[in-house]
Amino acid sequence: MSEHYAVVITSINPPTRAVTEIARDAGRLNAQFIIVGDHKSPPHFSQTGATYLDLEAQVRTGFRYASDAPTQHYARKNIGYLYAIAAGATVLVETDDDNIPRPDFWLPRTATVSARVVEAPTWVNVYRYFHAGLIWPRGLPLDQVNAPLPDASIANAIYCPIQQGLADENPDVDAIYRLLLPIPFSFEQAEPVALRSAWCPFNSQNTTWWPEAFPLLYLPYHCSFRMTDIWRSFVAQRIAYANGWGVLFHAASVFQERNAHDLMRDFAEEVPGYLHNTAIREALEGISLRPGTAHIADGMRSCYERLVALDFVGRAELPLLEAWLEDLRSCSARSPVDKPVGRD
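Residues numbered from 1 in each chain as written. Predicted model: local features only at pLDDT ≥ 70, side-chain atom pairs only at ≥ 80, totals over all residues. Heavy atoms only, no water.

**Let's talk about the packing of helix H6 (residues 228–242) against helix H8 (residues 296–309)**
Inference 1: Between H6 and H8, the shortest axis-to-axis distance is 10 Å and the interhelical angle comes to 135°. One element, H6, and the other, H8, form an angle in the oblique class. Seen along the crossing, H6 lies across H8 with a hand that is right-handed. Residues Arg232, Val235, Arg238 and Ile239 of H6 form the contact with H8, whose participating residues are Ile296, Gly299, Met300, Cys303, Tyr304 and Leu307.
Inference 2: Grouping the amino acids of the contact of H6 with H8 by side-chain chemistry returns seven nonpolar, one polar and two charged. (Axes fitted to C-alpha atoms, helices over the stretch in contact; angles between N-to-C directions. Helix = DSSP H or I, 4+ residues; strand = E, 2+ residues; numbered from the N terminus. Parallel < 35°, antiparallel > 145°, perpendicular 65-115°, else oblique. Left-handed = near helix turned anticlockwise from the far one by under 90°. Contact = heavy atoms within 4.5 Å. Nonpolar A, V, L, I, M, F, W, Y, C, P; charged D, E, K, R; others polar.)

Pasting the structure below:
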């Protein structure tokens, strides 16, 4: 790989099949593999071919966010993103410890792609471009599941610095789907779809980011656990569209052997999304944003301030966002010898 690839996950489990296979292939392809732990992680976690950041190692990175952010939350993954960026990542791939990569997971990735393009300023159930059956992504408003699909045109070169890959067998669907409809489920290997102006939630399970979009990786802490990556995706889409970028969805390059979940607990955590995702989209669309990468930080502040004002996100999120933005600035100033140290 000519680019500097980094793969980032968080885990509270002993090494899973996904972890061991990512570590094996990352080493072979000279990609960095970063695992972020938490209080529930095994005390002596070890995985050859990976850099493991336990809570002490996270603080030793020197990132303000690592010291300020609460523990026992998926948003600790933000520290893994910062670690990868400080180490010089030019392509950052995030996934989870239950997503097993297929060979095409490791194919070279480019931010400018050929794709079907959807520009209708409406909700879009992107999963239906990859399967004609009843399926929808976690976070899509339920009244939009069966809405007509907008027409998609073909573009030979569209810039998409955020790219969501699907997952087969146990895809990222909400608790209502899991409680009522069949799994396993596999998507078709269809052509990718790029959204511009259209809205569809994307997750943190098989998503690739390029440097211009790195600030938008930020996962909020002070919101529903099952909405942190979904509400992040809405902020990211709003800012991406202000900059003329597309957000790409492509066919599955992983399959999931899902960790144990309490589906009724997941449902309760998803209720804020069922009730408020349309209002969040409308609130974000009502914000005036300046285009250009120099204005992304201010755009993020505007978006999260609006979500805080509407009581969707807790006010304590704003200082964490400032810590994240400060750490991003410090990442660009670090030399290779200053890069943070974890346990290999």
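**Some details on H6**
Inference 1: Compared with an ideal rise of 1.5 Å per residue, which puts 15 residues at 21 Å, H6 spans 22 Å between its outermost C-alpha atoms and is within 8% of the ideal.
Inference 2: Within H6, 14 of the 15 residues are buried, which leaves the element mostly enclosed by the surrounding structure.
Inference 3: Positive phi shows up at Gly244, right after H6, with a value of about 80°. (Expected span 1.5 Å × (residues − 1). Buried < 20%, exposed > 50% of the residue type's maximum accessible area, 1.4 Å probe, protein only.)

**Things to note about the nonpolar core**
Taken as a class, soluble globular proteins show a tendency for nonpolar side chains to be buried jointly.
Inference 1: In terms of nonpolar packing, the biggest core is built from 87 residues, with Tyr65 and Trp324 touching the most fellow members.
Inference 2: When neighbours within four sequence positions are excluded, Tyr65 is seen to be in contact with Ala75, Asn78, Ile79, Leu82, Tyr218, Leu219, Leu320, Ala323, Trp324 and Asp327.
Inference 3: Ile9, Val91, Ala167 and Trp210 belong to the second largest nonpolar core, which has 21 residues in total. (Core = buried A, V, L, I, M, F, W, Y, C linked by side-chain atoms within 4.5 Å.)

**Topic: the packing of aromatic side chains**
Inference 1: Under the criterion given, the structure shown has 18 aromatic pairs.
Inference 2: Ring plane angle 70° and centroid distance 5.6 Å describe the contact between Trp123 and Phe234, whose orientation is recorded as edge-to-face. With Trp123 in the loop between strand S6 (112–118) and strand S7 (153–159) and Phe234 in helix H6, this residue pair connects regions lying 111 residues apart in the sequence. When sorted by exposure, Trp123 lands in the same class as Phe234, which is buried.
Inference 3: A cation over an aromatic ring shows up here: Arg109 above the ring of Phe105, its NZ or CZ 4.9 Å from the ring centre.
Inference 4: Lying over the aromatic face of Phe130, Arg116 brings its terminal NZ or CZ to 5.7 Å of the ring centre. (Phe/Tyr/Trp six-rings, centres within 6.5 Å; stacked < 30°, edge-to-face > 60°. Lys NZ or Arg CZ within 6 Å of the ring centre and 35° of its normal.)

**Side note on the pairing of strand S1 (residues 5–10)**
Inference 1: Within S1, six of the six residues are buried, leaving the element largely enclosed by the surrounding structure.
Inference 2: Because side chains alternate across S1, one face comprises the buried residues Tyr5, Val7 and Ile9, and the other comprises Ala6, Val8 and Thr10, equally buried.
Inference 3: Sheet analysis places S1 next to strand S4 (residues 91–95), joined by four bridges and oriented parallel. Considered in S4, the bridge of Val8 is made with Glu94. (Pairing = 2+ DSSP bridges.)

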